[in-house]
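# Notes for the structure review
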Amino acid sequence: MTETSTLHRILDYSARADPYPLYAELRKTPVALQEDGSYVISTYREITDILHNPHLSSDARNLSRPTPAAEERDTPSFITIDPPEHDRLRRLAMRHFGPPCTPGLVTGMQPDLTAIVGSLIDDFAKNSQLVDIVDDFAYPFPVTVICQLLGVPREDEPRFHQWVNAIIDSLDYNPETDPPEKMNHGMQATKDMHQYLGGLLEPRHGRPGDDLLSRLANDDGPDGRMTDKEIISTAHLLLIAGHETTVNLITNGMLTLLRHPHVLQRLRGEPDLIVRLVEELLRYEPPVHIIPWRAAYSDITLADTVIPKGSRIILMLASGSRDPDRFDDPDRFDPDRQDNQHLGFGSGIHLCFGGPLARLETQIALSELVRRLERPRLVTDPPPYRPSPILRGPIHLHIEQS
Ligand code: HEM
């Protein structure tokens with residue numbers, strides 16, 4: 001079995017419910033050249049090393065064969081660009097999102113988050129014995145939160161939902177094997193989303209308000225102001241990153257608890273366990289499995305292999321977090337794990353910007369589900385999964401409650 005075919009098997013939908021044995025196969029070759037010239041990195045040490053290497057680029061235009069999307073994009077968001085522009089935009093956005101300028105923002109949201117969670121549970125607890133944790137809870141919760149933060153009307157969700165799906169579908173686009181429509185739909189959805197966000201931004205100029213769009217539109221900090229295009233691409237990034245991943249962490253969390261009833265029971269009596277438990281979930285069942293969009297800015301030597309300039313680099317984050325050379329008994333879900341520097345939020349300069357919010361949302365969501373649902377039972381195991389091998393999680397998670 002070659003590494004190429006192992007990667008193809010991972011990308012195939014049949015592996016979605018349990019890709020972990022295939023990750024173990026991949027790790028036998030930490031830096032594996034693929035038939036198309038790309039390199040797959042699957043071990044903890046090599047992933048961490050390369051994520052801290054200044055010659056690793058997030059800008060797909062640095063690939064020797066850039067994808068059509070990379071060539072055509074107008075103003076990319078800061079997740080797909082390099083320093084110094086990345087650092088400037090991240091700093092400008094972070095002024096309104098966390099320390100050092102807005103240190104209390106996330107912790108101050110705790111009462112609101114608890115109220116949103118409580119009302120979602122009230123709705124399904126009284127209505128039905130059969131609950132879909134995704135549609136009834138794990139999706140609407142982070143969507144409501146990120147809409148409030150950004151200043152995007154919650155009732156517009158049906159409009160942007162379709163665009164987000166098309167954009168996520170295009171993330172694993174492979175020009176060799178996929179029809180061009182897959183990429184074209186993603187690019188059109190990005191244009192539609194930018195136009196929509198532009199419409200929300202326009203009336204906010206000169207009218208400072210509390211939401212992030214207003215703040216970015218009226219901020220004259222030490223780095224100057226973002227252009228309108230930069231604000232739109234930042235809002236686009238935050239809107240998608242702010243919910244597409246958290247929905248999977250909450251759902252993967254509930255699934256894992258139902259598969260480990262002794263831990264679920266323990267959490268009822270030991271609510272403080274939730275902090276370590278969410279950390280272990282980010283290692284054991286992370287929402288982001290693969291970062292497929294890195295490029296070698298110049299030749300990079302990794303584990304005695306020279307990755308030539310312009311090569312595409314695919315980082316198997318979820319495999320790194322299950323690497324037995326880094327974590328004891330990595331396939332065991334162990335919320336008591338002390339040494340848990342997982343790769344759930346990535347590492348290096350693109351380390352997740354929303355980690356504190358995602359952690360708090362998931363801690364509140366799982367704590368309240370466990371507290372309020374007396375006898376939850378999984379209806380289908382494994383549940384059906386969403387198509388993406390990159391942002392991996394169940395599309396539905398039906399549970400019966402009594
Ligand atoms: C459980 C939930 C989440 C997970 C697992 C997650 C995971 C990640 C990962 C792995 C990266 C690194 C990507 C890379 O290196 O290319 C990342 C970056 C990012 N995340 Fe998250 N994320 C989550 C929630 C959020 C939330 C709630 C927000 C915003 C409110 C957010 C905003 C971002 C942004 C803006 C970046 C790009 C950072 C940069 O390029 O400097 N994420 N996230």
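Computed from a predicted model, the values in this text were never measured in an experiment. (Residues numbered from 1 in each chain as written. Predicted model: local features only at pLDDT ≥ 70, side-chain atom pairs only at ≥ 80, totals over all residues. Heavy atoms only, no water.)

Where helix H16 (residues 274–284) contacts helix H18 (residues 355–372), the axes come no closer than 10 Å and their chain directions differ by 115 degrees. As summarised for this structure, H16 and H18 are arranged roughly perpendicular, according to the angle between their axes. As for how H16 packs across H18, the hand of that crossing is right-handed. Residues Ile274, Val275, Leu277, Val278, Glu279 and Leu281 of H16 pack against Arg359, Thr362, Gln363, Leu366 and Ser367 of H18. Residues that form the contact of H16 with H18 fall into these classes: six nonpolar, three polar and two charged. (Axes fitted to C-alpha atoms, helices over the stretch in contact; angles between N-to-C directions. Helix = DSSP H or I, 4+ residues; strand = E, 2+ residues; numbered from the N terminus. Parallel < 35°, antiparallel > 145°, perpendicular 65-115°, else oblique. Left-handed = near helix turned anticlockwise from the far one by under 90°. Contact = heavy atoms within 4.5 Å. Nonpolar A, V, L, I, M, F, W, Y, C, P; charged D, E, K, R; others polar.)

By the element assignment, His236 lies in helix H13 (residues 228–244). The class of His236 is buried, set by a relative accessible area of 10%. The residues contacting His236, other than those within four sequence positions of it, are Ile167, Thr190, Met193, His194 and Leu197. (Buried < 20%, exposed > 50% of the residue type's maximum accessible area, 1.4 Å probe, protein only.)

Okay, the site of the ligand next. Residues in close proximity to the ligand total 28 residues, the closest being His86, Arg90, Arg294, His350 and Cys352. Interatomic distance of 2.6 Å between a side-chain N/O atom of His350 and an oxygen atom of the ligand. Secondary-structure elements contributing two or more residues to the shell around the ligand are helix H5 (85–94), H13, helix H14 (246–259) and strand E5 (291–296). Tallying contributions element by element places H13 first for the shell around the ligand, with four residues. (Near = heavy atom within 4 Å. Polar contact = N/O pair within 3.5 Å; in protein donor to acceptor, adjacent residues only side chain to side chain.)

Glancing now at the nonpolar core. Leu277 and Ile307 are the most contacted members of the largest nonpolar core, which has 118 residues in total. It is H18 that provides the largest number of residues to this core, a total of eight residues. Beyond its immediate stretch of four places on either side in the chain, Ile307 contacts Val31, Tyr39, Ile41, Ile50, Ala296, Ser298, Asp299, Ile300, Leu302 and Ile313. (Core = buried A, V, L, I, M, F, W, Y, C linked by side-chain atoms within 4.5 Å.)

Between helix H10 (residues 157–170) and H13, the least distance of the axes is 11 Å, while the angle of their chain directions is 85 degrees. Classified by the angle between their axes, H10 and H13 sit roughly perpendicular to one another. Residues Phe160, Val164, Ile167 and Ile168 of H10 form the contact with H13, whose own contacting residues are His236, Leu239, Ile240, His243 and Glu244. Residue composition of the contact of H10 with H13, by class: six nonpolar, two polar and one charged.

Evaluated as defined, the whole model comprises eight aromatic pairs. Pairing Phe78 with Phe353 gives two aromatic rings, centres 5.7 Å apart and planes at 55 degrees, and the pair type is tilted. Pair noted here: Phe78 is in the loop between helix H4 (68–72) and H5 and Phe353 is in the loop between helix H17 (317–320) and H18, with a separation of 275 residues, a long-range link. Geometrically, the ring pair formed by Phe124 and Phe137 is edge-to-face, given 6.2 Å between the ring centres and 85 degrees between the ring planes. Taken together, the residues Phe124 in helix H7 (residues 110–127) and Phe137 in helix H8 (residues 133–138) connect sequence positions 13 residues apart. Each of the two residues, Phe124 as well as Phe137, counts as buried. Taken together, Phe78, Phe97 and Phe353 form an aromatic cluster joined through their ring pairs. (Phe/Tyr/Trp six-rings, centres within 6.5 Å; stacked < 30°, edge-to-face > 60°.)

Put simply, the second largest pocket is a space of about 450 Å³. Along the wall of the second largest pocket there are 23 residues; nearest its centre are Leu7, His8, Leu11, Asn174 and Thr177. When residues of the lining of the second largest pocket are assigned to their parent elements, the largest contribution, four residues, is made by helix H1 (residues 3–11). Of the residues belonging to the lining of the second largest pocket, the class tally is nine nonpolar, six polar and eight charged. (1 Å grid on protein atoms, 1.4 Å probe; cavity = no way out; pocket = protein on both sides within 12 Å on 5 of 7 lines; lining within 4 Å. Points joined across faces, edges and corners; volume = space filled by probe spheres on them.)

In short, the description is geometric, and any link to function would need to be established separately.
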